[in-house]
Amino acid sequence: MACMANRVPFIGISRHRMLYDGEGVTTLAAVHGCPLSCRYCLNPQCQRENGKAYELTPEELVEKVIVDDLYFKATGGGITFGGGEPAIRSRFIEAFREISNPVWKINIETSLNVQTEHIERIVPFIHQFIIDVKDMNSVIYKNYTGIDNKLVKENLEYLAKIGLQEKCTIRVPMIADYNTEKDIEESKRILEQSGYRRFDVFEYDTTRNK
């Protein structure tokens, strides 16, 4: 059972989402905290102490999102954990799964730059991994995020080893001033060698977090 003391800070909860965060109607639960320092971060408040909207236990999160139970069941949707980096809150997500409606799908938007034990903990019940790898080139990655991508590569290898490539959508963005179309194609080539086939190629909004 979930522990009432297991409180996690969130930057926000967004309801009635479609197309971007998994199948059906989803609710995005965005956690506070991230190991990266990305130049064009979509949610820079996840790094700021005053960016916390509230702290919740797994039980309190269920109470907040259960209002859309009918939408989740009717459309095959559910909860997508984002952030910030939600994988660092793996015990919270595990506890939430234990007490939430088992019909709800649980998705995660992650950089995978976390210890593999976090991924191992949530693998049994994650419906879809939406993975922003930034760029597979270690130099480009570190220049953009401030840290290396060793853990990212290890976790991609782990997911491939247990055959979960079809559950993974890999985001390979064009990052202005950091990578090129050629770099993106090279990242895709590397990932395809491990069996990954589902890619989301897009361009970052460079007006954010300036």
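As a reminder, the structure under discussion sits directly above these lines.
Visitor: Would you explain the pattern of salt bridges in this entry?
Guide: Two side chains that carry opposite charge are able to pair once their charged atoms sit near each other. Scanning the entire structure with this criterion turns up eleven salt bridges. Glu154 is paired through a salt bridge with Lys150; the nearest N and O atoms lie 2.5 Å apart. Residue Glu154 and its partner Lys150 are located together in helix α6 (residues 150-161), separated by four residues, close to a single helical turn. On the accessibility criterion, Glu154 (31% relative accessible area) is partly exposed. Taking relative accessible area as the criterion, Lys150 reaches 51% and is therefore assigned exposed. A cluster of three or more residues bridged by salt bridges with shared partners is formed by Glu109, Arg171 and Asp200.

Visitor: I'm lost on the pairing of strand β7 (residues 168-171) in this one. Help?
Guide: One face of the sheet, then the other: side chains in a regular strand alternate in exactly this way. Of the two faces of β7, the one lined by Cys168 and Ile170 and the one lined by Thr169 and Arg171 are each fully buried. Note that β7 and strand β8 (residues 199-200) share two bridges and pair parallel. The residue bridging Arg171 from the neighbouring strand is Asp200, located in β8. What joins β7 to β8 is helix α7 (residues 181-193), and the crossover it makes is right-handed.

Visitor: It is not clear to me how the packing of helix α1 (residues 58-65) against helix α3 (residues 90-99) should be interpreted in this structure. Could you clarify?
Guide: Helices that pack against each other are described as a pair by the angle of their axes relative to one another and the distance between those axes. Across the interface, α1 lies against α3 with an axial gap of 9 Å and an inter-helix angle of 55°. Classified by the interaxial angle, the pair formed by α1 and α3 is oblique. Pair α1 / α3 crosses with right-handed handedness. Facing Pro58, Glu59, Leu61, Val62 and Val65 of α1, the residues of α3 in contact are Phe92, Ala95, Phe96 and Ile99. Residues of the contact of α1 with α3, tallied by class, amount to eight nonpolar, no polar and one charged.

Visitor: Any chance you could explain the nonpolar core here in plain terms?
Guide: In globular proteins that are soluble, nonpolar side chains generally tend to be buried together. Core analysis: the biggest nonpolar cluster contains 53 residues, and Phe81, Phe129, Leu156 and Leu159 have the highest contact counts within it. In terms of residue count, α6 provides more of this core than any other element does, five residues in total. Other than its neighbours up to four places away in sequence, Leu156 contacts Leu112, Ile131, Val133, Met136, Ile170, Leu191 and Tyr196.

Visitor: Looking at this structure, how should I read the packing of aromatic side chains?
Guide: Aromatic ring pairs are reported here in terms of the distance separating the ring centres and the angle at which the planes meet. Tallied over the full model, the rule gives nine aromatic pairs. Arranged with centres 5.6 Å apart and planes meeting at 70°, the rings of Phe202 and Tyr204 form a pair that is edge-to-face. According to the relative accessible area criterion, Phe202 is partly exposed, its value standing at 27%. Three or more aromatic residues joined by ring pairs form one cluster here, namely Tyr40, Tyr144, Tyr178, Phe202 and Tyr204. Here the basic side chain of Lys64 rests over the ring of Tyr54, its NZ or CZ set 4.9 Å away from the ring centre.

Visitor: Even after reading the chapter, I still don't get unusual backbone geometry, so can you show me in this structure?
Guide: It is generally the case that most residues other than glycine have a negative phi and that most peptide bonds are trans. For the peptide bond that leads from Gly83 to Gly84, omega is 10°, which places it in the cis range. In this structure, Gly84 sits in the loop between β4 (78-82) and α3. You will see that Leu112, though not glycine, has its phi angle at about 65°, which is positive. One can find Leu112 in the loop between β5 (105-110) and α4 (116-122). Positive phi, normally seen in glycine, also occurs at Asp177, with a value near 75°. Along the chain, Asp177 falls in the loop between β7 and α7. Under the relative-accessibility criterion, Asp177 is labelled exposed at 74%.

Thresholds applied
Residues numbered from 1 in each chain as written. Predicted model: local features only at pLDDT ≥ 70, side-chain atom pairs only at ≥ 80, totals over all residues. Heavy atoms only, no water. Salt bridge = Lys/Arg side-chain N within 4 Å of Asp/Glu carboxyl O. Helix = DSSP H or I, 4+ residues; strand = E, 2+ residues; numbered from the N terminus. Buried < 20%, exposed > 50% of the residue type's maximum accessible area, 1.4 Å probe, protein only. Pairing = 2+ DSSP bridges. Right-handed = clockwise from strand over helix to strand, strands pointing away. Axes fitted to C-alpha atoms, helices over the stretch in contact; angles between N-to-C directions. Parallel < 35°, antiparallel > 145°, perpendicular 65-115°, else oblique. Left-handed = near helix turned anticlockwise from the far one by under 90°. Contact = heavy atoms within 4.5 Å. Nonpolar A, V, L, I, M, F, W, Y, C, P; charged D, E, K, R; others polar. Core = buried A, V, L, I, M, F, W, Y, C linked by side-chain atoms within 4.5 Å. Phe/Tyr/Trp six-rings, centres within 6.5 Å; stacked < 30°, edge-to-face > 60°. Lys NZ or Arg CZ within 6 Å of the ring centre and 35° of its normal.

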